[in-house]
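Report on the structure
Chain by chain, the residues:
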Amino acid sequence: MTTPLISITDVHKTYGRGPNRFEALRGVSLEINAGESIAIIGKSGSGKSTLMHLLALLDAPTDGNIALEGVDTSRLRGGALNGTRNKTFGFVFQQFFLTPNTSVLDNVVLPLKIAGVRRGERKRRGLAALEQLDLADKARNKSTNLSGGQKQRTVIARALVNNPRVIFADEPTGNLDTVTGGVVEDILFSLNREHGITLIVVTHDEDLAARCDRRIHIRDGVILPEEVAA
Ligand SMILES: Nc1ncnc2c1ncn2[C@@H]1O[C@H](COP(=O)(O)OP(=O)(O)OP(=O)(O)O)[C@@H](O)[C@H]1O
Ligand SMILES: [Mg+2]
């Protein structure tokens, strides 16, 4: 058996203290293999984003274990943690998180800048990623002036620029109309199928969830027994 890409065991996440204490995840275990596409679904407040943030090492669990390729991640701190996250993961969120008044290209190469890649190489790889998303002609535009679909494609280019092994997407089509959302979905699934990038997507959209290899249902901080995909 191969080692799962990400493995979490009996993970708990508690927010706040005293009377404000709230247990958002209550003993969650999950194994994700390289190359899978996984939908995380559940009602608002059920713990989907919390789970995704833990899987992406954006936040630490209150209790339980998270392993990346069999290696316990709790020992990763500071620079090592940021480095691992930056080179392994790409992020696509509903609220784009583009830097306003900055060019599309500069937004896309941000992960490379963080990784210390030199300027010429950044530009080359940034333009290649924009080319892939059919946005090369917008490289010099301000990100603020893009349409919603173009913004989300820019975000995907930024997520791709570091050749990540995993793309995390939290409601990636939530702010888009149906047609544009469909285009963004197709791009994400082609990255999964053609480039073997593991896709972990939080969604309310049943059709999007149905396209994934696996569907993880969360209710009140607990994962329900998993249906096996046909
Ligand atoms: N920083 C925080 N402090 C306190 N409570 C929090 C915090 N973040 C999340 N919560 C609570 O934890 C629970 C799970 O939140 P989470 O964001 O994971 O839900 P979700 O399933 O992603 O919901 P949605 O579909 O609305 O995005 C919610 O009840 C939320 O209010
Ligand atoms: Mg959420």
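Rules of the game
Residues numbered from 1 in each chain as written. Chains lettered and ligands numbered in written order. Predicted model: local features only at pLDDT ≥ 70, side-chain atom pairs only at ≥ 80, totals over all residues. Near = placed C-beta within 6 Å. Helix = DSSP H or I, 4+ residues; strand = E, 2+ residues; numbered from the N terminus. Nonpolar A, V, L, I, M, F, W, Y, C, P; charged D, E, K, R; others polar. Contact = placed C-beta atoms within 7 Å. Core = buried A, V, L, I, M, F, W, Y, C linked by C-beta atoms within 7 Å. Buried ≥ 20, exposed ≤ 12 C-beta atoms within 10 Å, placed from the backbone. Expected span 1.5 Å × (residues − 1). Arc of directions from axis to C-beta. Pairing = 2+ DSSP bridges. pLDDT = per-residue confidence, 0-100. Axes fitted to C-alpha atoms, helices over the stretch in contact; angles between N-to-C directions.

Taken together, Tyr15, Gly16, Phe22, Ala24, Gly42, Ser44, Gly45, Ser46, Gly47, Lys48, Ser49 and Thr50 form the complete shell of residues around ligand 1. For the shell around ligand 1, the element with the most residues is helix 1 (residues 48–55), which contributes three residues. Grouping the constituent residues of the shell around ligand 1 by class yields three nonpolar, eight polar and one charged.

Along the chain, Ile156 falls in helix 6 (residues 148–160). Residues Ile156 and Leu188 lie 32 residues apart in sequence; the distance between their C-alpha atoms is 8.1 Å. Ile156 has contacts with Val92, Leu133 and Ile187, leaving out every residue within four places of it along the chain.

Before going further, it helps to examine the nonpolar core. In this structure, Ile40, Ala157, Ile167, Phe168 and Ile200 are the most contacted members of the largest nonpolar core, which totals 57 residues. The dominant element in this core, judged by the number of residues it contributes, is helix 6, at five residues. Those residues within four positions of Phe168 in sequence are excluded, and the remaining contacts are Met52, Ala56, Phe89, Phe91 and Ile200.

Taking 1.5 Å as the rise per residue, helix 7 (residues 178–195) with 18 residues should run 26 Å; its terminal C-alpha atoms sit 25 Å apart, in good agreement. Residues of helix 7 that are buried: Gly181, Val184, Glu185, Ile187, Leu188, Leu191 and Asn192. All buried residues of helix 7 project into a common sector of 155° when viewed along the axis, lining one side. Within helix 7, the exposed residues directed more than 90 degrees away from the buried face are Thr178, Val179, Asp186, Ser190, Arg193 and Glu194. Contact partners of the buried residues in helix 7: strand 3 (37–41), helix 6, strand 7 (166–170), strand 8 (198–202) and helix 8 (206–210). Trailing helix 7 by a residue or two, Gly196 shows a phi angle of about 70°, which is positive.

To continue, consider the sheet that holds strand 8. The six strands lie next to each other as 6-7-8-3-9-10, forming an open sheet whose pairing is mixed. Both edges of this open sheet fall to strand 6 (89–93) and strand 10 (222–223), since each of them pairs with a single strand only. Relative to strand 7, strand 6 is paired through five bridges, and the arrangement is parallel. From the neighbouring strand, Phe89 faces strand 7, where its bridge partner is Val166.

Take the confidence of the model for the chain next. In the predicted model, the chain carries a mean pLDDT of 92, and the fraction of residues at 70 or more is 98%. No element of the chain has a lower mean pLDDT than helix 2 (residues 78–88), at 89, and none a higher one than strand 1 (residues 6–15), at 98.

This paragraph deals with the sheet that holds strand 2 (residues 22–32). In space, the four strands of this open sheet follow the order 2-1-4-5, with antiparallel pairing throughout. With partners counted over all chains shown, the strands left at the sheet margins are strand 2 and strand 5 (71–72), one partner each. Across eight bridges, strand 1 lies against strand 2 in antiparallel orientation. Bridged to Thr14 within strand 2 is Glu23. Its contacts with the sheet place helix 1 against strand 1, strand 2 and strand 4 (63–68), and it is angled at close to 125° to strand 1.

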